[in-house]
Structure formats: structure tokens, C-alpha cells
Amino acid sequence: MQDTVAIHTEHLSKRYGRTEVIAPLSLTVASGIVFGYLGPNGAGKTTTIRMLSGVLPPSSGTGTVAGASLSDPEAVKARIGYANQAASVYGDLTVEENVRFKAALYLRPRDVGPAVNATLERLGLARWRAHKAAQLSGGWRQRLCIGTAVVHEPRVLFLDEPTAGLDPVARRDLWDVIYDLTASGTTVFVTTHYMDEAERCQELALLADGHLLAQGTPQQLRAQLPGVRYALRTPHLAETLHAARALDGVTGAWIIGDEVRVVADDARTATVLARLGELREVTPSLEDVFVAYAGPTRSEVRA
Ligand SMILES: Nc1ncnc2c1ncn2[C@@H]1O[C@H](COP(=O)(O)OP(=O)(O)O)[C@@H](O)[C@H]1O
Ligand SMILES: [Mg+2]
């Protein structure tokens, strides 16, 4: 029987010299889900993934990934897959050779052929098998990268910004691949900057400056956000923006399209705001959540 927990860490940290890049991190990720790991550049996402993959020794703390202890990095590596934009696709090898090369590292010789074929089929790569990887478009190269990471059927797959730089259609195709993988029981731990992709994750963790700030489903994170959000429709955007910003109880205001969006401490501001235009309450987006935790002001939720 497969564990119900794919990843569990206790006080896992990373220091370089005196700089603490990951503050003691205690994280639990359920099996078989898409888990989104969000944070601004430099937050420590890649460092976390490298520790959880058994390639970077933690400075302190313990953890279990796919049932293997982080104190046994080779066991972890055999049970996980790891793909990032730069990783392990050789341009002058064919698609098939790339997958075969990776399979040979982890599988018994007689299992390599069937695993390579199954992976090429599963990821829709079969028709490109004889093409050099360098000839593939960005989206297909990224698919190949995932193929090389899953050929040994890892229980946990780490994807570090898998869709960075891809066009919207290629991004959507790649998410189909991700869902197919979880449907067959793989846990996918993915980092992304795209908020529409964060919405697609079953659970999220938010990291900034090496600190875990929040964890939950997209709905929970939205619901936990303090304050109330409004949209004000008005023909006088700039004036309304300044008027809203000047009000007591308003913590932020900005223009989106033909509306002014306002964040207020509580619903008491609504009466005054309603005098400025046509007012309606809006539910926070994940972008609101992300900005509130990790944005430049962070005043809403961080001390
Ligand atoms: N080998 C290293 N030595 C010193 N600092 C590092 C090293 N690797 C990463 N860092 C620092 O750790 C922080 C987190 O980096 P990283 O994990 O790559 O963040 P992210 O992936 O979220 O952009 C950054 O401030 C980075 O400069
Ligand atoms: Mg990174």
C-alpha cells in the first residue's frame, strides 16, 4: 500500500556560512496531489527541492520523501524524479536516447526497453523518438525533460518552474501531462510564478526569504486573507483611486481595467466607498494572496 504522505519534513534548514537560506521548514505533502510551491525569486524554492531530492544535504532537520529518509540520499534519488528547465536533456541525442540514458541509470537492463517505450507513449513523445532533442520546440523539450524524470516511475516528481518561458498553449499541454501523472498516483511538487497555475494545484505552500508563510488549498488561502476586497466602477478612475487611498481603513487601491480595486480592513469602509462609484465585493485571487504575503509591502499579513 502506498503511503498517504509523500513528503514530510521537520525543521529542515539550509545555511550557507552564516546565511540561513531555508529557515527550519516543517512541511507535509499528501500523496497523489499536485502541490504548488510558490515564492518570489530567491525565496528558496530550488534550494528546498534540491534538499528534498537528496542532492543537497540539509544543514539541520529531518525528512522523509517517498518513504525514504533524507539521511539516505541514494534511496531518495531512486524514488523521485527531478526536472528543471536546464536539466539533463542532451540536444545532440535523440528523444529516445535521452530517455534511454536516464532509464539505464536506474533500471535493470532488461527493464530499460519497455520502460522507454512506455514513457514515450505516455508523454506523447513516440512520434519524435528519432528526432534530436535540440530540434524540439520549448514545450516538447520540457515534455522530454519530464519523460527523462519519470521513466523509472518515481513516486514523487519535482518540477522546478516547468513552464517558465512557454507559450500559453504549451503551458496548458504541460498541465495535462502533470494531471495524467497524478492520476497514476505520482505526487507532483511544482514551483511556479504563474498564478493561474497556482489555482490548478490541490494544495499550496508560500515561501518568502526562506520562511514558510502559509500552506493550504487555494480556497483556504483565500479565506485566510484578512481584509475585504472591493471593485469600484467609475468613469473617473484616477480621481477615485486617490480618493479611495486617502480613506481611513483602506490598505491598498489600484486600477484594473475600468475599475478601481480596493482592499479595506473591514466592511465598515463600504458605505464611504459606495459614494465613489458602483461598489461590489470581490473574492481575493491567489495573486492577492501572493502579494499580501510576499509582495513589497506585506503589511497585511506579516508583522
Ligand atoms: N550555493 C549557494 N551559496 C550561497 N547562497 C546560495 C547558494 N545557492 C542559493 N543561494 C541563495 O539562496 C537563496 C535562495 O535561492 P533559490 O533556492 O535558488 O531561490 P528560488 O529558487 O526561490 O529563486 C538565494 O538568496 C540564493 O542567492
Ligand atoms: Mg529557483
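Report on the accompanying structure. Keep in mind that this is a model prediction, so the values were computed, not measured. (Residues numbered from 1 in each chain as written. Chains lettered and ligands numbered in written order. Predicted model: local features only at pLDDT ≥ 70, side-chain atom pairs only at ≥ 80, totals over all residues. Heavy atoms only, no water.)

Some details on the overall build of the protein
Heads up, the condition is: Think of it this way: any DSSP run of H or I at least four residues long counts as a helix, any run of E at least two long counts as a strand, and we number them from the N terminus. Burial classes: relative accessible area under 20% of the type maximum marks a residue as buried, over 50% as exposed, and values in between as partly exposed (1.4 Å probe, protein chains only). Only heavy atoms enter the contact rule, under which two residues are in contact if any of them lie within 4.5 Å. The Shrake-Rupley method, run with a 1.4 Å probe, gives the accessible areas here. Residue values count only the displayed protein chains as cover. Charged residues are defined here as Lys and Arg on the positive side and Asp and Glu on the negative side; His and the ends of the chain fall outside this count. Where a charge sits is defined by one atom per residue type, namely NZ (Lys), CZ (Arg), CG (Asp) or CD (Glu).
When helices and strands are counted, the protein shows 11 helices and 14 strands. Dimensions of the protein, computed from C-alpha atoms along their principal axes, come out at roughly 75 × 45 × 40 Å. Looking at the protein as a whole, 45% of its 303 residues qualify as buried. Considering only residue pairs separated by 6 or more positions, the protein has 67% of its internal contacts joining residues 24 or more positions apart. With an accessible surface of roughly 14400 Å², the protein has 51% of that area assigned to carbon and sulfur atoms. Positive and negative side-chain charges in the protein, numbering 31 and 33 respectively, have mean positions lying 5 Å apart.

Looking at a negative patch on the surface
Heads up, the rule is: Like-charged residues within 9 Å of one another, or nonpolar side chains (Val, Leu, Ile, Met, Phe, Trp, Tyr) within 5 Å, are grouped into patches, provided each residue has over 30% relative accessible area and no salt bridge. For this document, the term salt bridge refers to a Lys or Arg side-chain nitrogen within 4 Å of an Asp or Glu carboxyl oxygen.
Side chains of Asp167, Asp173, Asp176 and Asp180 sit close together on the surface and give a patch of like negative charge. Here Asp176 shows up in helix H6 (residues 168–183). The class for Asp176 is partly exposed, based on a relative accessible area of 42%.

Focus: unusual backbone geometry
With a phi close to 50 degrees, Ala66 is a non-glycine residue in the positive phi region. With respect to the helices and strands, Ala66 occurs in the loop between strand E4 (60–65) and strand E5 (68–69). Of note in this structure, Glu153 is not a glycine but carries a positive phi near 50 degrees. Under the relative-accessibility criterion, Glu153 is labelled exposed at 63%.

Brief notes about helix H4 (residues 109–122)
To keep things clear, this is the line we draw: Helices are assigned an expected span. That span is 1.5 Å times one less than the residue count.
Over its 14 residues, H4 extends 20 Å from the first C-alpha to the last, a length consistent with the 20 Å expected when each residue adds 1.5 Å. Along H4, the residues classified as buried are Val112, Ala115, Val116, Thr119 and Leu120. Next to the buried residues of H4 lie helix H3 (95–106) and helix H5 (138–150). Remark: Gly124 follows H4 within two positions and exhibits a positive phi of approximately 70 degrees.

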